[in-house]
Amino acid sequence: KYSVIGFNPEETQILVKEVFEEEIYKIDQLHKPAVIIDCGAYTGLSTLWFREKYPDVKVVSIEPNWMSYDFMQENISLNKRASKIEAIKTIMQSIK
């Protein structure tokens, strides 16, 4: 269903199975979210899953590693899912 790339084919196959077949991100909820923030989006498979399950919701995908970020951008592009996705290359940190 999806065309995806990653660091190595074996890892990518495992992630595809976990994310899309086993739906490891699926949660029971009462309301549709207004926005989804995917912190540590890695190669973007979770981003694609969120986009599929919530097509009208904006997904903000945050990934600090430049190689993972590039894979994420490519996976979003390969699957024509760029609308309503904001990909950000940065880290999340707590500020006191």
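Note that this is a predicted model, so its numbers are computed, not measured. (Residues numbered from 1 in each chain as written. Predicted model: local features only at pLDDT ≥ 70, side-chain atom pairs only at ≥ 80, totals over all residues. Heavy atoms only, no water.)

(A) Quick look at the overall build of the protein chain. Counting secondary structure elements, the protein chain contains 3 helices and 3 strands. On the principal axes, the C-alpha backbone points of the protein chain span a range of 35 × 30 × 25 Å. Within the protein chain, buried positions represent 33% of all 96 residues. Taking all contacts inside the protein chain whose residues are at least 6 apart in sequence as the whole, residues at least 24 apart take part in 66%. (Helix = DSSP H or I, 4+ residues; strand = E, 2+ residues; numbered from the N terminus. Buried < 20%, exposed > 50% of the residue type's maximum accessible area, 1.4 Å probe, protein only. Contact = heavy atoms within 4.5 Å.)

(B) Representation of the packing of aromatic side chains in the model. Taken as a whole and assessed by the stated rule, the structure comprises 6 aromatic pairs. Measuring from centroid to centroid gives 5.6 Å for Tyr25 and Phe50, while their planes differ by 55°, and the two rings are tilted. Of this pair, Tyr25 sits in the loop between helix H1 (9-21) and strand S1 (35-39) while Phe50 sits in helix H2 (residues 45-53), and the two are 25 residues apart along the sequence. Grouped by ring-pair contacts, the aromatic residues Phe7, Tyr42 and Phe71 constitute a single cluster. (Phe/Tyr/Trp six-rings, centres within 6.5 Å; stacked < 30°, edge-to-face > 60°.)

(C) Broad picture of the sheet that holds S1. Read across the open sheet, the 3 strands follow the order S1-S2-S3; overall the sheet is parallel. What marks the edges here is a single partner per strand, and that holds for S1 and strand S3 (85-88). Each neighbouring strand pair of the sheet contributes to a mean axis angle of 15°, computed without reference to strand direction. In this structure, strand S2 (residues 58-62) lies alongside S3, joined through 4 bridges in parallel fashion. Of the residues in S3, the one forming a bridge with Ile62 is Ile88. This element, helix H3 (residues 66-78), spans S2 and S3 of the sheet and lies at about 160° to S3. (Pairing = 2+ DSSP bridges. Axes fitted to C-alpha atoms, helices over the stretch in contact; angles between N-to-C directions.)

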